[in-house]
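Per-entry structural report
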Amino acid sequence: MLTANDHYRSRFGCKMYKASISFAKTCPNRDGAKGTGGCIFCSAGGSGEFSSCIQKSIKEQIDDAILQVSKKAGPDAGYIAYFQSFTNTYCSPEELAKAMGEAISHPKIKALSIATRPDCLPEETVKLLEERAAKLPVYVELGLQTSSDETAKLINRCYETKEYADAVKRLKDAGINVITHVIFGLPKETEEQMLDTVRYCVEAGTDGIKFTCLYVLKDTVLEKMWKAGEFEVLGREEYFDIVEKAIKILPSDIVIHRLTGDGPKKLLLAPMWTADKRSVINYINRRFA
Ligand code: SF4
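Residues numbered from 1 in each chain as written. Predicted model: local features only at pLDDT ≥ 70, side-chain atom pairs only at ≥ 80, totals over all residues. Heavy atoms only, no water.

Topic: the pairing of strand β9 (residues 255–258)
Pairing of strand β1 (residues 2–3) with β9 involves 2 bridges; the strand directions are parallel. When the bridges of β9 are listed, Leu2 appears paired with Val255. Strand direction decides the pairing type here: strand β7 (residues 208–213) and β9, joined by 3 bridges, are parallel. Considered in β9, the bridge of Ile209 is made with Ile256. (Pairing = 2+ DSSP bridges. Helix = DSSP H or I, 4+ residues; strand = E, 2+ residues; numbered from the N terminus.)

Below is the structure:
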């Protein structure tokens, strides 16, 4: 199993930390361009509740993020500017170029990671990312969640799965490292469908993968479905049984950036085991050491 730590150490020669940045303010799934209301699991913060305040400049946000981990990280650590919330390529290439330029000018930043959707990567944007990738490592994180178009409809993802495969190809041709986000436990999905998603990512050529257990946040459509008993969240053992099977599908050179995620505590309704980060880490260490 190739972990993100192993990958970063061999690529950068040091331990790397992510400095989360709030840059994008919305996504095409919220403003009506593709849909309204967003993906059914997504909170108002657009998957970026951990990042620093959007009113601050990018440099200030990076400084804040570094300060938070500096004791643990030490002076030799490197940092990745992580454009985390909403859809960070859902803007003009000029706006994105300016924001990335600000991040890169920070002396501690050694790489960029841009979270986005496959349907928000026009040629000019890919060209811009390619130009940046010629100067420093660029990762693009694509929210696929599932390869099933049926489930995609149910979760209101508002793009077809084939757009993901096309985006991976174009990004890789441009020399960009692709990380794919996958969710296990989406309503009505069987374990085989979840593992099919992993197979699909491998076939598409993703360089890395992030697994997350579906969690229910307050004030989302998913909350209503969960309260109506339309689906059940995965238990810890059940979730990591699926993760273990997924790992076996992955070729040894695909980097596993995350085995599970943890939702913002103030919004989390279920499953509550994901909130106990320390116990989850201990469990992962015991099971996957
Ligand atoms: S998950 Fe991403 S694409 Fe979906 S609503 Fe949230 S920010 Fe938009």
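As for helix α9 (residues 236–249)
With 14 residues, α9 extends 20 Å from end C-alpha to end C-alpha; this agrees with the ideal 20 Å at 1.5 Å per step. Residues Tyr239, Phe240, Ile242, Val243, Ala246 and Ile247 constitute the buried set of α9. Along α9, the residues classed as buried sweep out an arc of 150° about the axis, all on the same side. Against the buried residues of α9 lie β6 (177–184), α7 (191–204), β7, β9 and α10 (277–288). (Expected span 1.5 Å × (residues − 1). Buried < 20%, exposed > 50% of the residue type's maximum accessible area, 1.4 Å probe, protein only. Arc of directions from axis to C-beta. Contact = heavy atoms within 4.5 Å.)

Digging into the site of the ligand
Within the structure, the ligand sits among Cys27, Asn29, Arg30, Gly38, Cys39, Phe41, Cys42, Phe86 and Arg117. Taken together, the residues of the shell around the ligand break down into 5 nonpolar, 2 polar and 2 charged. (Near = heavy atom within 4 Å. Nonpolar A, V, L, I, M, F, W, Y, C, P; charged D, E, K, R; others polar.)

Thoughts on the pattern of salt bridges
Oppositely charged side chains may form a pair once their charged atoms are brought near each other. Tallied over the entire structure, the rule returns 23 salt bridges. Lys162 is the salt-bridge partner of Glu160, the closest N and O atoms lying 3.5 Å from each other. The class for Glu160 is partly exposed, based on a relative accessible area of 42%. Using a relative accessible area of 56% as the deciding quantity, one classes Lys162 as exposed. Linking Arg199 and Asp196 is a salt bridge whose minimum nitrogen-to-oxygen distance equals 2.7 Å. Separated by 3 residues within a single helix, Arg199 and Asp196 lie in helix α7, roughly one turn from each other. By relative accessible area, which is 32% here, Arg199 ends up partly exposed. A single salt-bridge network, built from bridges that share partners, covers Glu237, Asp241, Glu244, Lys248 and Arg287. (Salt bridge = Lys/Arg side-chain N within 4 Å of Asp/Glu carboxyl O.)

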